[in-house]
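Structural overview for review
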Amino acid sequence: MANLNIDSVKDRTFDAIVIGSGMSGGWAAKELTDKGLKTLILERGRDVKHIKDYPTTNLNPWEFPHHGTLPNDVQEANPIANRCYAFHEDAAHFFVKDKEHPYVQAKPFDWIRGYQVGGKSLLWARQTQRWSDFDFEGPARDGFAVDWPIRYKDIAPWYSYVEKFAGISGNKDGIPELPDGEFLPAFPLNDVEDYFSKHVKSKYKNRHVISARCAHLSKPNQIHLDQGRTQCQNRTLCQRGCPFGGYFSANATTIPWALKSGHATLRPFSVVHSIIYDEKLGKATGVRVVDTNTKETIEYFAKIIFVNAAALNTNLILLNSTSNRFPNGLGNDSGVLGKYVAFHNYSARISGEYDGYKEYTTEGRNPAGGGYIPRFRNVYKQETDFLRGYACGFYAGRYQQHSEEGVGESLKENLVNGELSPWQVGSHMMGETIPKESNFVTLDKSLKDQWGIPQLKISVDYDDNDEKMKKDFVEQLTEMFTSAGFTNIKASTNHQAPGLDIHEMGGVRMGNDPKTSILNKWNQVHTCKNVFVTDGASMTSTSCQNPSLTYMALTARAADYAITESKKGNI
Amino acid sequence: MNRRDAISRVALIMGGAVLGAEYFLSGCKSPNSQVSDLFDADHVAFLNEVADTILPTTAGSPGAKAANVGKFMAVMVQDCYKAFDQKTFLEGITKLDESSKKQYNGKFVDITAAQRTELLTALDKEQKEFTKEREKLVEADKLKHKGEPFYFANEAEIPNHYFKLMKELTLLGYFSSEIGATKALRYIAVPGHYDGNLPYKKGDKAWAT
């Protein structure tokens, strides 16, 4: 970075440092710079500028050398990334390649990562649901983890705040366990999704099939146009980066917004080694960065530090930030740092067929993906032999059904003008898992990455609760499908490793008690008040809703608090 | 991978160094330009004829040769296939020509369109039977690996029928080509809308994506 004089401490001093430029880091950067704080955004990977750095975004299928398939050598060299549903020729450049960033799997864990400006916000599935008090009160009610130090009322205004800026499509469904938000118009359910929704509503009191809420601009407001974004064009090629800014990514929204303020400095190729703790001042003074190209170590200084490196890398940074005061990692007096990691259980799905609505089909593509079934198990009371529950996706569609028999004209005719199949329906589970001390990450004692930073050792697994939940999903959805008149119902369960859900959370959890948690109710390290952790690492429990929207809201809320406290001279 | 490595690798997968080397080194000697480690221009011409027999030009749209699906097949087998499927595919080129010579006294590219169609129709039946048997082996292998985190039938490397591979690649290559997607099927890069309730007219062309 030619514009940074690394010899001058003054030039390396900022009001705030944000570690990470993805889903939550982008929000921290936006909020801090909005308030005029001179902010350094550190990103370990390369820069990805909106539109300019989306090389595949406008390519037609035939313009890819392999029409979308990745070469065999790439697949074989990346068994972990290759298990992700989006790792294809059009988006592979946004995924971390297995060999470049090794980690230790004490137990199988598919760690899917995106090391670039924007992080995984370029690649996410864009499902955005609020959490409710059924989630925030979960651990206290059901006796696991620790009590969340916040309740829905604490975060609700911040959900509204981030939703308005990000642009979330959805309906106000009036479901207490899935609070309504500030919505742009929802993408519609198709005929059979709608049929199932009505059927479920009539048959079950507390089960709902709603239009999936997603971070797409179905109808942009002025604030979205001000960001340079425009209406979602239903391409559903989101993983390539969207030239319309049709969905929320840090690249299209928060990062350029922060940069436009004139208060942000973005430094890519900067992997954070550790946070610098000053024993005398009793707080953090900055961060130690390794330039990934020159391998040079550089220190940057600031009054406020936001750690948004993505859940497990945030754990890694704190564990690696040792000092006399914190020999076991920054803020880790309690010994819980790195522990109580949890994730989402996606290991079952079900499919079927419906004979009705044959005179209808769909046209265009639905970026929301179809319907969403909020958690209906153990919501108002404990009713099963497992804790918590699962949400489900639900989708229906018709596909070409044609004979692939033979060769020649008749084959071609069949393939081109084949009839549509009956409606095919499907659902997948998204289960809450219980954070446990035995699911944890540590630093490997000897293995280091190419920048001399210890490798993360991951020891996370399913348990009996997850198996029971999986079984229940299959039973309940089979019953719901059967009663709706769906036929040819087939359930499939798999043993996919944790991590492939890409919803890993925890390790730096929030809590009321510094003896059992790392962060307070403001996502502030209990014992190092100028360090804030607002990504997935901070989660006390996982809910079964998708987590990104909650990271965004927690980040905006924490940034507001940090600025207020800073003004008061408290940090 | 350089060409020498590729040749030894292929020799290995072809199961006989001499046969393999001769087969592939002939590509160097001939004036034919090599399009990749495994394929030369003759192969591509041959594959284009196979593809065009599978999906010929019709009143509605040009065929697979016009879309250069032969080239696509060569690229896919070279880059995206595992070695065991590469072996099957390459041996298949020889086998197909041998069948042609046996039945019609001529190489595949030299026989009539009707003869080609007849030959490939028979091969299609053969591959279907073969694939049915293969499915049983795949199922048995799946059972053997039950409970493992990830199972890909491909990893067991149970051989495919070469014509299944050729047909599969022809369909994939053609319908994702510009001609196939836009002339044979319907393709819209930017739909701009989603309609969940559209009357369905039987006989509407399929969408490419």
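The rules behind these values
Residues numbered from 1 in each chain as written. Chains lettered and ligands numbered in written order. Predicted model: local features only at pLDDT ≥ 70, side-chain atom pairs only at ≥ 80, totals over all residues. Helix = DSSP H or I, 4+ residues; strand = E, 2+ residues; numbered from the N terminus. Rg over C-alpha atoms; globule rule 2.2 N^0.38 Å. Buried ≥ 20, exposed ≤ 12 C-beta atoms within 10 Å, placed from the backbone. Contact = placed C-beta atoms within 7 Å. Pairing = 2+ DSSP bridges. Axes fitted to C-alpha atoms, helices over the stretch in contact; angles between N-to-C directions. Parallel < 35°, antiparallel > 145°, perpendicular 65-115°, else oblique. Nonpolar A, V, L, I, M, F, W, Y, C, P; charged D, E, K, R; others polar. Expected span 1.5 Å × (residues − 1). Arc of directions from axis to C-beta. Core = buried A, V, L, I, M, F, W, Y, C linked by C-beta atoms within 7 Å. pLDDT = per-residue confidence, 0-100.

**Quick word on the overall build of chain A**
Within chain A, the regular secondary structure consists of 12 helices and 24 strands. Taking 25 Å as the expected radius of gyration for a compact globule of 571 residues, we find that chain A reaches 24 Å, a close match to that expectation. Overall size of chain A, expressed as C-alpha extent along the three principal axes, is 75 × 55 × 50 Å. In chain A, which comprises 571 residues, the proportion classed as buried is 56%. Relative to all contacts within chain A whose residues are 6 or more apart in sequence, the contacts with residues 24 or more apart total 71%.

**Here we look at the overall build of chain B**
Of regular secondary structure, chain B possesses 8 helices and 1 strand. Ordered by position from the N terminus, the helices and strands of chain B form the series α-α-α-α-α-α-α-α-β. Per-residue burial for chain B yields a buried fraction of 38% across its 209 residues. Long-range contacts, defined here as pairs at least 24 residues apart, represent 56% of the contacts in chain B between residues at least 6 apart.

**So, the pairing of strand E20 (residues 440-448) of chain A**
Residue and element names in this part refer to chain A. The sheet contact formed by E20 and strand E21 (residues 454-459) spans 5 bridges and is antiparallel. Considered in E21, the bridge of Thr-442 is made with Lys-457. The hairpin formed by E20 and E21 contains 5 residues between the paired strands, and Gly-452 there has a positive phi angle of roughly 80 degrees.

**Focus on the packing of helix H5 (residues 152-166) of chain A against helix H12 (residues 548-567) of chain A**
All names here are of chain A. It is the contact of H5 with H12, at a shortest axis distance of 8 Å, that shows an interaxial angle of 110 degrees. In this view, H5 runs roughly perpendicular relative to H12, as classed from their interaxial angle. Along its contact with H5, which presents Ile-155, Trp-158, Tyr-159, Tyr-161, Val-162 and Ala-166, the element H12 presents Leu-549, Met-552, Ala-553, Leu-554, Ala-556 and Arg-557. Across the contact of H5 with H12, the residue classes break down as 11 nonpolar, no polar and 1 charged.

**Topic: the pairing of strand E19 (residues 423-432) of chain A**
Residues and elements named next belong to chain A. Counted residue by residue, E19 has 7 buried out of 10 residues, so it is predominantly covered. In terms of strand pairing, strand E16 (residues 390-397) meets E19 through 8 bridges, oriented antiparallel. In the strand pairing of E19, Ala-396 is matched with Val-425.

**Focus on the packing of helix H5 (residues 83-104) of chain B against helix H7 (residues 162-175) of chain B**
Residues and elements named next belong to chain B. It is the contact of H5 with H7, at a shortest axis distance of 8 Å, that shows an interaxial angle of 100 degrees. As the angle between them shows, H5 and H7 are arranged roughly perpendicular. Taking contact as the criterion, the partners of Asp-85, Thr-88, Phe-89, Glu-91, Gly-92 and Lys-95 in H5 are, on H7, Tyr-162, Phe-163, Leu-165 and Met-166. In terms of residue class, the contact of H5 with H7 is built from 5 nonpolar, 2 polar and 3 charged.

**With respect to the interface of chain B and chain A**
Facing 46 residues of chain B, the contacting portion of chain A comprises 43 residues. Of all the secondary structure elements, the ones that give two or more residues to the side of chain B that touches chain A are helix H3 (41-54), helix H4 (69-80), helix H6 (113-144), H7, helix H8 (178-184) and strand E1 (194-199) of chain B. Here the side of chain B that touches chain A is built from residues that sort into 23 nonpolar, 15 polar and 8 charged. Here 4 bridges tie strand E14 (residues 360-364) of chain A to E1(B), and the two strands are oriented antiparallel to one another. Residue pairing in the sheet places A:Glu363 in a bridge with B:Asp195 of E1(B).

**Here we look at helix H11 (residues 464-483) of chain A**
All names here are of chain A. Taking 1.5 Å of rise per residue, 20 residues should cover 28 Å, and H11 covers 29 Å from first to last C-alpha, within 8% of that figure. Asp-466, Met-469, Lys-470, Asp-472, Phe-473, Gln-476, Leu-477, Met-480 and Phe-481 are the residues of H11 that are buried. The buried residues of H11 occupy an angular sector of 165 degrees when projected down its axis, which confines them to one face. Within H11, the exposed residues directed more than 90 degrees away from the buried face are Asp-464, Glu-475 and Thr-482.

**What about the nonpolar core?**
Counting 161 residues, the largest nonpolar core has A:Ile17, A:Val18, A:Ile19, A:Ile305 and A:Val307 as the members making the most contacts within it. Among the elements that line this core, the one with the most residues is H12(A), at 10 residues. When residues no more than four places from it in sequence are discounted, the contact partners of A:Ile17 are A:Leu40, A:Leu42, A:Gly286, A:Val287, A:Tyr300, A:Ala302 and A:Ile305. Core analysis: the second largest hydrophobic core is formed by 47 residues, B:Phe39, B:Phe108, B:Leu171 and B:Phe175 among them.

**Points about helix H10 (residues 409-417) of chain A**
Taken residue by residue, H10(A) has A:Leu411, A:Lys412, A:Leu415 and A:Val416 as its buried positions. For H10(A), the angular spread of the buried residues around the axis is 125 degrees, confining them to a single face. Packing partners of the buried residues in H10(A) comprise H3, H7 and H8 of chain B.

**Thoughts on unusual backbone geometry**
All names here are of chain A. Although it is not a glycine, His-67 adopts a positive phi angle of roughly 50 degrees. Looking at the element boundaries, His-67 is found in the loop between strand E2 (39-42) and helix H2 (72-77). The residue Ser-543 is not glycine, and still its phi comes out positive at about 50 degrees. Tracing the backbone shows Ser-543 in the loop between strand E24 (531-533) and H12.

**Describing the environment of A:Ile168**
One can find A:Ile168 in strand E4 (residues 168-169). Apart from residues lying up to four places away in sequence, A:Ile168 is in contact with A:Thr128, A:Glu163, A:Gly181, A:Glu182, A:Phe183, A:Leu184, A:Arg213 and A:Ala215.

**A few points about the confidence of the model for chain B**
All names here are of chain B. The predicted model of chain B averages 85 in pLDDT, with 81% of residues at 70 or higher. Every residue in residues 1-30 scores below 50 in pLDDT, and together they form 25 contacts with partners more than four places removed in sequence or on other chains. Both scores are given for the predicted complex: the pTM is 0.93, the ipTM 0.92.

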